[in-house]
Amino acid sequence: MKLASRINRLSESLTIAISTRAKELKASGKDVIIFSAGEPDFDTAEAAKNAVIEAMAKGCGKYTPIPGTAEILNAVALKLKRDNGLDYKPSQIITNVGAKHSLFNIFSCLIDDGDEVIVPAPFWVTYPEIVKFCGGKPVIIDTKPENKYKITASELKAAITPRTKALSLCSPSNPAGAVYSKDELIAIAEVLKGTDIAVIADEIYEKIIFDKEFVACASISEDMFNRTITVNGLSKCGAMPGWRFGYTACANDELNKAMKKLQSQSTSNISSIVQAGAVAVLEGKADEYIAMMNKEYQKRRDYAVDAINAIEGLSVVKPDGAFYLFINCAKVEKDSMKFCTKLLDEALVATVPGVGFGMDEHFRISYACSMDEIKEGIARIAEFVKNYK
Ligand code: PMP
Ligand code: GLU
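Residues numbered from 1 in each chain as written. Chains lettered and ligands numbered in written order. Predicted model: local features only at pLDDT ≥ 70, side-chain atom pairs only at ≥ 80, totals over all residues. Heavy atoms only, no water.

Helix and strand counts for the chain come out as 14 helices and 13 strands. Rg of the C-alpha trace for the chain: 21 Å, near the compact-globule value of 21 Å for 389 residues, within the 12% margin. Summed over its atoms, the accessible surface of the chain is roughly 16900 Å², and 53% of this surface lies on carbon and sulfur atoms. The average position of the 48 basic charges and that of the 50 acidic charges among the side chains of the chain differ by 2 Å. (Helix = DSSP H or I, 4+ residues; strand = E, 2+ residues; numbered from the N terminus. Rg over C-alpha atoms; globule rule 2.2 N^0.38 Å. Areas by Shrake-Rupley, 256 points an atom, 1.4 Å probe, with all protein chains shown as cover. Lys, Arg positive; Asp, Glu negative; His and termini not counted. Charge placed at Lys NZ, Arg CZ, Asp CG, Glu CD.)

Following this line, the structure appears as structure tokens:
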């Protein structure tokens, strides 16, 4: 069977492939430390579970409107106002099957053959792949550790061409945990002023942030509000990755209409049950639980950063958010795929090679696992690096 050429432009998600292999090894009895999965180790908040049970008892098994029920759209709009100072109307919001689906819809509706999308590296594995699937060309800007892996306004300016359609911006970022400050976003906004470039702002790690203020991209100015498509969800901050709840907020009516049309012919509405559970979290019923998880992540980050930097040959920039460390291993091994493969085979620690995030000579660990696992996993990495051949 000859497959469509568009599917051959796409590679499989490396983060998912490695985590699947690690989980299989663990299930087969191997003592694997899984640092590869980008998912919270915490269980979903009780508030969300209770809301679902209540909704099901009342019977909520019918189709809902394509973007979501009035309750969920209001809850998202209120959350965006309360937490981020954003004035989206409920009609400008669409709920999706996870934030990955939000991104898929946005790029599908925006990108034509040959359109360029600027993607700062290290990037989350999925951005360039969806862009390529849609016929676009990812234009990668390498960021620097001394800038905490963030693009600067001048780097952005230099990457813009007449074909630039969008900028993909993630804050706090996966994999480097980079958080853009208000001033940095203002400088980016200044470069974009007067262009037709859209900003796809992935803010899914919004609430996993340490000693920094989260600033939503769309909150910078009216101009930024109009050009930004805000992507968020509950997979990370709500510890609900399996629920598949994401959303898109967009002030552009034409794009909104297009995304609703696409969703009407693909997934239709997201699960009515998931919508009911998400309302409770967005209304703030899990806020204490979210704050508790954040504190825990911060403790783990602080331990893990010091422990990694104490290993000769490895270095990591302290991240300001998300739950990953993006570790430089160039002094030990420049080929990150080789490094991570050997680390898994020889020391039974699963990590993700930087090459998948567009930056070789690095690897990513997720510290969304217990402190005991973090200690044991890093001790194994230290031993592995010491004896590296
Ligand atoms: N954006 C980033 C930066 C992510 O790390 C992830 C994790 N999968 C997603 C989006 C997608 O989230 P979801 O699981 O809600 O699809
Ligand atoms: N976002 C997570 C990660 O980066 C989950 C896996 C995925 O969807 O890529 O590992």
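Let's shift gears to the sheet that holds strand β6 (residues 198–202). Spatially, 7 strands are ordered β2-β8-β7-β6-β5-β3-β4 in an open sheet, and the strand pairing comes out mixed. Every other strand in the sheet has two partners, leaving β2 (93–96) and β4 (137–142) as the edge strands with one partner each. Pairs of neighbouring strands in the sheet enclose a mean axial angle of 20 degrees, with direction left out of account. The pairing of β6 with strand β7 (residues 228–233) spans 4 bridges and is classified as parallel. Bridging across to β7, Val-199 finds its partner in Thr-228. In the packing of helix α10 (residues 253–264) onto the sheet, the strands contacted are β2, β7 and β8 (246–250), and the crossing angle to β2 comes to about 30 degrees. (Pairing = 2+ DSSP bridges. Axes fitted to C-alpha atoms, helices over the stretch in contact; angles between N-to-C directions. Contact = heavy atoms within 4.5 Å.)

Mapping Thr-248 onto the fold places it in strand β8. Beyond its immediate stretch of four places on either side in the chain, Thr-248 contacts Gln-92, Ile-93, Ile-94, Asn-96, Ser-102, Ile-106, Ile-229, Thr-230 and Met-259.

We now examine the site of ligand 2. Around ligand 2, the structure places Ser-13, Thr-15, Ile-16, Gly-38, Lys-100, Trp-124, Asn-174, Lys-236, Tyr-324 and Arg-364. Here Asn-174 contributes a side-chain N or O atom positioned 2.9 Å from an oxygen atom of ligand 2. Within the side chain of Lys-236, an N or O atom sits 3.1 Å from a nitrogen atom of ligand 2. Isolated, ligand 2 exposes 280 Å² of accessible area, and the fraction of that covered by the protein chains is 86%. (Near = heavy atom within 4 Å. Polar contact = N/O pair within 3.5 Å; in protein donor to acceptor, adjacent residues only side chain to side chain.)

Tallying each qualifying case throughout the model produces 28 salt bridges. The partner of Lys-137 in a salt bridge is Glu-116, and the shortest N-O contact between them spans 3.9 Å. Note that Lys-137 is positioned in strand β4 and Glu-116 in strand β3 (residues 116–121), a separation of 21 residues in sequence. Classification of Lys-137 by relative accessible area gives partly exposed; the value is 45%. Glu-116 gets classed as buried once you look at its relative accessible area, which sits at 10%. (Salt bridge = Lys/Arg side-chain N within 4 Å of Asp/Glu carboxyl O. Buried < 20%, exposed > 50% of the residue type's maximum accessible area, 1.4 Å probe, protein only.)

Here we come to unusual backbone geometry. For the peptide bond that leads from Ala-121 to Pro-122, omega is 5 degrees, which places it in the cis range. In this model, Asn-174 is joined to Pro-175 through a cis peptide bond whose omega is 15 degrees. Within the element layout of this structure, Pro-175 appears in the loop between β5 (164–170) and α8 (182–192). Although it is not a glycine, Tyr-149 sits at a positive phi angle of roughly 60 degrees.

Just distances and angles here, no functional claims.
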